[in-house]
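Each chain is listed here by its residues.
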2 protein chains.
Amino acid sequence: HPWVVNQWAWQMYGRYTQELGVYAKEEAARLRDGGGLRRSTSVRSRSAELLEYEKDPCAKCHAQKWMYGGLNSNMLLQYLAWVTYPVVLITFSAGFTQILAPQAVGSGIPEMKTILRGVVLKEYLTFKTFVAKVIGLTCALGSGMPLGKEGPFVHVASLCAALLSKFMAALFGGIYMNELRNTEMLSAACAVGVGCCFAAPIGGVLFSIEVTSTFFAVRNYWRGFFAATFSAFIFRVLAVWNQDEETITALFKTRFRLDFPFDLQELPAFAILGIACGFGGALFVYLNRLIVECMRKQKTINKFLLRKRLVFPAMVTLIISTLTFPPGFGQFMAGQLTQHESLVALLDNRTWSRQGVAEEFDYISHSHAWKHPQVNVFITLIFFIVMKFWMSAVATTMPVPCGAFMPVFLIGAAFGRLVGETMAVMFPDGIHADGSVYPIVPGGYAVVGAAALSGAVTHTVSTAVIVFELTGQISHILPVMIAVILANAVAQSLQPSLYDSIIRIKKLPYLPELGMGHHEKYNIRVEDIMVRDVRYITLSSSYRDVQEVLLIGQLKTLALVESTDSMILLGSIERSQLQSLLSLQLGPSRRLDHLRRHAKDNDTHTLDTHTHLSNLGNMDNPLSPPCTHTHSTSTSARHGVRFVVSVAEVSRTHARVMRVLNPLPQIAEWEEQQLDEPVDFNNCKIDPAPFQLVERTSLHKTHTIFSLLGLDHAYVTSTGRLVGVVSLRELRKAIEGSVTVTGVKVRPPLASFRDSGNNTTNVSEVTELHKLWNRHRGLSLPRDPTPVKNICEAHCN
Amino acid sequence: HPWVVNQWAWQMYGRYTQELGVYAKEEAARLRDGGGLRRSTSVRSRSAELLEYEKDPCAKCHAQKWMYGGLNSNMLLQYLAWVTYPVVLITFSAGFTQILAPQAVGSGIPEMKTILRGVVLKEYLTFKTFVAKVIGLTCALGSGMPLGKEGPFVHVASLCAALLSKFMAALFGGIYMNELRNTEMLSAACAVGVGCCFAAPIGGVLFSIEVTSTFFAVRNYWRGFFAATFSAFIFRVLAVWNQDEETITALFKTRFRLDFPFDLQELPAFAILGIACGFGGALFVYLNRLIVECMRKQKTINKFLLRKRLVFPAMVTLIISTLTFPPGFGQFMAGQLTQHESLVALLDNRTWSRQGVAEEFDYISHSHAWKHPQVNVFITLIFFIVMKFWMSAVATTMPVPCGAFMPVFLIGAAFGRLVGETMAVMFPDGIHADGSVYPIVPGGYAVVGAAALSGAVTHTVSTAVIVFELTGQISHILPVMIAVILANAVAQSLQPSLYDSIIRIKKLPYLPELGMGHHEKYNIRVEDIMVRDVRYITLSSSYRDVQEVLLIGQLKTLALVESTDSMILLGSIERSQLQSLLSLQLGPSRRLDHLRRHAKDNDTHTLDTHTHLSNLGNMDNPLSPPCTHTHSTSTSARHGVRFVVSVAEVSRTHARVMRVLNPLPQIAEWEEQQLDEPVDFNNCKIDPAPFQLVERTSLHKTHTIFSLLGLDHAYVTSTGRLVGVVSLRELRKAIEGSVTVTGVKVRPPLASFRDSGNNTTNVSEVTELHKLWNRHRGLSLPRDPTPVKNICEAHCN
């Protein structure tokens, strides 16, 4: 009954798209037309999938397979059923995310890394993003594409934490208002995200630390453990309550022998596996970036994709699902298995190559899929690895909420299994010399491979811990650790981690690492990179100056200096503080006072004035109809007191006041007077100790301070005088410049001057006095290097 | 043959005490007299114990038991043999450590925590300490006292790293000279120490991070893993080579069932176990501190102990070994088992209370010790726990190299086993409801208890990871995590961690944590705690000033200001730089120049001068006999060039020069002239950007910056003028003051003034302008609060 399906599809779409506008409706209509060939499935089971997602992320895949299984009469129908399902889901996911919150696209870990670094990416932590991410992710995972969920889980958990923080702050205030506390919440949330994705609390905490932090406060450590433990607990308890499991156990439980897990002589094989995974991981990151960059560079493709945003994911899904179609290519790569099933099969503790895959598979039927009547199990594995490798690299570039960890993990497991099976064939009786026969366990190799490849892609060591928790066995700790460390060593020397790569692609405001061991070379000082044109206000600034500064810049805080001449930095003032100062000065209450006083003076204008007054009083609700009755001034005054104004509002108010009061020229005059008055800072909060650097601070030191303290900007002072400001942006530019071309890009005249000055000594942190002296005498830096050089030479000779 | 034992004891002592002086010899003689009753054991096996220590830390205990077993004829002889052995070993360990390097006493983790914080404790990382620690620890562990080895292992590994760094720096220079690199090495070494103590690489890394760091650079993370993995590998490979194990497995391998490790309904029991362990851990830390403080306060005890340093360890050992004597009290507490054997027995996967301990113990005979013919196994366990608890707390205060982790771990395991056995008695058929019978595994409770108690004592969560690696099973992850987190929550709210407690007892220069959530209350600024009397030199300083400054202060760096009037901070100069400036100015080469010039002027004094010149030339070897022949000035000049002088040497040289050259008044005069000359800073390295704070920086911010950047001191400037310096010491005082009495102790007049000034707003990070303004106008802070208050009030009204 195609009608039922359509009905359901329509319902599902209708449920979410009511507020989504025209675009989604068009898409839905298009899909409805395309979905006509599908056969009926239980509407109820489909709807329940969304809810039961937590228990088994692949419930959808079961439905797909079930649908596919029911159509064994007709190959074409089978194919269409197999293909349409993922295409619809991915297209819906992409469209839904695109419309509701494009920030929900992708992994989320790079964004969380940036946010935890201290950069505010506000739109990434909104309720809209939450809805888009959860629903988009559910659909994307349900499609059966090689997509992961650990990154999105981290994002979703962080969204929960951010929304919870907001909620608690609104409800209780106090401690929840603290900015620092919010960061701690987010940091713990990241651990929760990974923890409940794999039911791996310890690995989750460590992975999230490795992936998101540069410097980690050990103080926060136990919070992460606490949260992650409970998330993992709830996650696994659901399986018990759902009667899937008898008690809480590992997600992918292995049953390797405990008494003799591996022989010492197998270690070289594990090491080679680790190194190979290192190269594979680097290749994956490179491939992933290559695809994105290719699409960006190819202008025709780019244009087309920008216009038809849903074509790309639909196309990719179509290709991938066509290639995995079980009667087609899929038969050579266990195409009918979901990621979960494949992993269970790969971690199996039997040896496929010896026993033959098809034999005695009573309780895990999935392994059957790896056995092809004509083709060797090795061919199947190699085919699986190669196909999944590029498929995963392509699939993770689709604009849907998705991660890459799980696909990579799976590929690693398959590669490990391949190595293990090869070893088993080479040493059918095991390697152990002493009489007793301990055969090789290829499943152990699969575990090692999975940890090594995912470690290589993400540049983390904690994947080792994740596999222990995931499999419930720690017997292979040594091979896993060795392989993961080797894989990391290889991958880190070849490519950035996948998340850093995405940060670069997305151009997120993240501070890159300074190249290790090279920092002595960076002959750059803060003065070379700082912005000299600082916005500031002085003690004698007028309100007009404040207004101008507020309207021009976008900085969160503004410097307060003593006077334009001395430029001595007194502190910094938050933008909001200045805004409230301005609104106080120009606010309706003072305005009313003035008008009232004015009205007293010339009593003839009373009525006029009162009409204007009432207009003013209603100004906080611009949509209300102009009120025509005159009401008492006391009410208006009360209105005025409640008047809370932002800058935009102030200027808008200002404009409207001008319009309203234009007939009264004395008001405009009054306003001009008000703006010319010097600012009264008495009711204003001033941070008396904003972060200051001296101009001679080296780039390396600045970088360390910025990353350690999570600074956004710092003022540069010279003997107490404000000479510049350096923000994350300048610092990033400087570091990227110096990382790629060793300081050439950002070399200002002064840097080269320093080079010529002293060549024998290490000048990274010390400088010679005469320069200090010259600099200090001159009080401002000479912009032209030549005279300075002359002075220097004169001094030296 | 008592003679053989004596001979051996003498040999052993003789080997190490040759250079140890009279004290050790006296002790050895005393012990030799006391050791006459012991029976002969193989000298060779005893000597080998020291070497085989790595393979089995309890080889000595075996020897002790063997000795004891061979004496079954006479109870008194048995007792004496049982007691003398540990007393001799502990006394030797204490004496040896005391004489060679008292820094080797104790755990080492508190010291490493302090060193990694950035404070240089040089004598803790010398070769002498290394020798003392290794030998002292070997003897202490061999004694069979309830002492641990993880802290000393951390120290030994750090010592290795520090010595290796020094060696590499001397050999290759370059990267190994880097201070930062040394810290990274030490940080990795700590991980190695824990890692090879338990063969737990992951747990080792995490434990060392938790225990030693406040902020951790994730960059260094993999180094720790790398080092710890290889250390664990080597450690376990030794067991394989020694034929103890067939392959690399866990140290205390458990054999719990994999299919149903525990039931959900057992979780409350695990939680209660965790909470109880939290209280127990806090009690242990308290008890340990109490013992030390009691001994310190009791003046008569203290005096006696200071005079006879070896009496205390000998006495403690005597009492403890008497109480564990197997035919005595020892029979109720499995006294004949070593720590290792006890732990193996406690983690056993059979239920003692049901099966009866004595039944069918074929492969682990140690469990037999827990079965007493008359007494219940519960009584034995309780007796064991109570006795071991206070014994461990007392034993770890002995002045020998020892840790407390292992004893605490053992007590925790025993307590867990007790709870587990109780559960097994209460639910003989297991708790699981569904027909099938899964009995409770008390061994699992032992694992949980061990992790929880050791976690509570050390305030770490990573003991959970350590037990997984130690037992080779991760099946109990959830109960372990829950118990550890609860134990931490309880213990952290009651007592500091054992290591922080020792830091306080030893008064190590470690920066304590700021109380969480209270920092808004600390109304303290840097200006309130800084030292105003800063040592500085000015651009116009004479060499005499430099000499004075160097002779008075002990600071590593000195501030350079423009002039005494302006006090504008230009940079900081290292002490060594100033020393070399001074030695250049007064050094022999210039002196010789002067003398030569002088000699040219009045040729009559040539011989005299040359004699003095040769004296000067030999001055770098003060012990050489005065040389009487005149040698060429060129040789002297060469001598002079090689003359590298430290301050002490400079002043010594100065004094000797004065003495030697006194007959030549023109030399003394020349010297005075030289000292009065202004310093030429041109050849001097100046750090142009020393770390600066403004005086209004809050205590909280200062603390954060100090702990993040690992600062030792920072200059406090006001509009570029140096007004003070704040070092770790001041900061520590301020924090300790505010932590204990909420800011009363360190409240200077200004802090209370700030309180009365603005009471409604949060003043932690912001201040009002008029204060800034006043301050800036006055250019120095008014010391008396009253006038400022008046100004403020005048301003406000």
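What counts as what
- Residues numbered from 1 in each chain as written.
- Chains lettered and ligands numbered in written order.
- Predicted model: local features only at pLDDT ≥ 70, side-chain atom pairs only at ≥ 80, totals over all residues.
- Heavy atoms only, no water.
- UniProt positions renumbered as here; feature names shortened; annotations may be inferred.
- Helix = DSSP H or I, 4+ residues; strand = E, 2+ residues; numbered from the N terminus.
- Buried < 20%, exposed > 50% of the residue type's maximum accessible area, 1.4 Å probe, protein only.
- Pairing = 2+ DSSP bridges.
- Axes fitted to C-alpha atoms, helices over the stretch in contact; angles between N-to-C directions.
- Parallel < 35°, antiparallel > 145°, perpendicular 65-115°, else oblique.
- Contact = heavy atoms within 4.5 Å.
- Left-handed = near helix turned anticlockwise from the far one by under 90°.
- Nonpolar A, V, L, I, M, F, W, Y, C, P; charged D, E, K, R; others polar.
- Expected span 1.5 Å × (residues − 1).

### Looking at the UniProt feature "transmembrane region" (unreviewed entry) in chain A
All names here are of chain A. Here, UniProt's "transmembrane region" (unreviewed entry) annotation points to residues 79–101, 153–173, 185–209, 221–241, 267–289, 310–329, 375–396 and 408–427. This span, residues 221–241, is 100% helix and 0% strand, and a straight line between its end C-alpha atoms measures 30 Å. For residues 267–289, helix accounts for 100% and strand for 0%, while the C-alpha atoms at its two ends are 33 Å apart.

### Quick notes on the pairing of strand β3 (residues 557–561) of chain B
All names here are of chain B. Counting buried residues along β3, five of its five residues qualify, which places the element largely inside the surrounding structure. Judged by which residues are buried, β3 turns out to be covered on both faces: T557, A559 and V561 on one side and L558 and L560 on the other are all buried. Taken together, the three bridges between strand β2 (residues 536–538) and β3 define a ladder with parallel strand orientation. Within the sheet, the bridge partner assigned to T538 lies in β3 and is V561. In this sheet, strand β4 (residues 569–574) lies alongside β3 in antiparallel orientation, the contact comprising five bridges. If you follow T557 over to β4, its bridge partner there is E574.

### Brief notes about the packing of helix α6 (residues 109–116) of chain A against helix α22 (residues 498–506) of chain A
Residue and element names in this part refer to chain A. The contact between α6 and α22 brings their axes to 8 Å, and the two run at 80 degrees. If you check the angle between α6 and α22, you find them roughly perpendicular. Of the residues in α22, those in contact with I109, P110, E111, K113 and T114 of α6 are Y499, D500, I502, I503 and K506.

### Digging into the environment of S540 of chain A
In this fold, S540 of chain A is placed in the loop between β2 (536–538) and α24 (543–552). Note: C-alpha distance between S540 of chain A and F225 of chain A (315 residues apart in sequence) is 53 Å.

### Notes on unusual backbone geometry
Phi angles above zero are rare outside glycine, and A199 of chain A is one such case at about 55 degrees. Residue placement: A199 of chain A occurs in the loop between α9 (179–198) and α10 (201–212).

### So, helix α15 (residues 339–346) of chain B
Counting buried positions over the eight residues of α15 of chain B gives six, a clear majority of the element. If you check which residues of α15 of chain B are buried, you get Q339, E341, S342, L343, A345 and L346 of chain B.

### Thoughts on the packing of helix α15 (residues 339–346) of chain A against helix α18 (residues 405–426) of chain A
All names here are of chain A. Where α15 contacts α18, the axes come no closer than 10 Å and their chain directions differ by 30 degrees. With respect to their mutual orientation, α15 and α18 come out roughly parallel. Viewed along their axes, α15 and α18 form a crossing whose handedness is left-handed. Taking contact as the criterion, the partners of Q339, S342, L343, A345 and L346 in α15 are, on α18, M406, P407, F409, L410, A413, A414 and R417. Here the contact of α15 with α18 is built from residues that sort into nine nonpolar, two polar and one charged.

### Quick look at helix α25 (residues 575–586) of chain B
Residues and elements named next belong to chain B. Helix length check: α25, at twelve residues, gives a terminal C-alpha distance of 17 Å against a target of 16 Å (1.5 Å per residue), a fit within 8%. Summarising burial for α25: nine of the twelve residues are buried, a large majority. Turning to α25, its buried residues are R575, Q577, L578, Q579, L581, L582, S583, Q585 and L586.

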